[in-house]
Amino acid sequence: MKAYELLFFVAPSIDEETRAAVMKRIDTTIAEGKGTVDNVDNWGKRKLAYEINGLTDGDYTLIDFHADPADVAELDRVLRITDAVERHMIVKRTDRD
């Protein structure tokens, strides 16, 4: 298993129930591939550098996890089709393997 970091943001106006559903979907996708979530850090509302889809602020979450590379591709696919997630980025962390 390799170490990865996922950073994503949702609209700050989104309700807590939808936000929890996004987190559950991410946890489920990682767990289905026998991966583990190491840490979840909610950064909260932050100003965006430029406007994205009419938004000037975003509610950020950082997730550290271990997974196989093939399962990371599936997580990326799931995040792309999740409407609540505005943007996301998955980065391999070689310093945490």
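Conventions adopted
Residues numbered from 1 in each chain as written. Predicted model: local features only at pLDDT ≥ 70, side-chain atom pairs only at ≥ 80, totals over all residues. Heavy atoms only, no water. UniProt positions renumbered as here; feature names shortened; annotations may be inferred. Helix = DSSP H or I, 4+ residues; strand = E, 2+ residues; numbered from the N terminus. Buried < 20%, exposed > 50% of the residue type's maximum accessible area, 1.4 Å probe, protein only. Polar contact = N/O pair within 3.5 Å; in protein donor to acceptor, adjacent residues only side chain to side chain. Contact = heavy atoms within 4.5 Å. Expected span 1.5 Å × (residues − 1). Arc of directions from axis to C-beta.

The name that an unreviewed UniProt entry assigns to the protein chain is Small ribosomal subunit protein bS6, with the source organism given as Eggerthella lenta. The UniProt entry for the protein chain carries this comment under Function (unreviewed entry): "Binds together with bS18 to 16S ribosomal RNA."

A separate point is the side chain of Glu5. Looking at the secondary structure, you find Glu5 in strand E1 (residues 2-10). For Glu5, a relative accessible area of 17% translates into the label buried. At 2.5 Å, the side chain of Glu5 and the side chain of Arg93 are in polar contact. Once residues lying within four places of it in the same chain are set aside, the contact partners of Glu5 are Leu62, Ile63, Asp64, Phe65, Met89, Ile90, Val91, Arg93 and Arg96.

A few words on helix H2 (residues 69-81). With 13 residues, H2 ought to run about 18 Å at 1.5 Å a step, and its terminal C-alpha atoms sit 19 Å apart, in line with that. Of the positions making up H2, those classed as buried are Val72, Leu75, Val78 and Leu79. With its buried residues spanning 115° around the axis, H2 presents them on a single face. Residues of H2 that are exposed and point over 90 degrees away from its buried face: Ala70, Arg80 and Ile81. On its buried side, H2 packs onto E1, helix H1 (16-32), strand E3 (55-67) and strand E4 (85-92).

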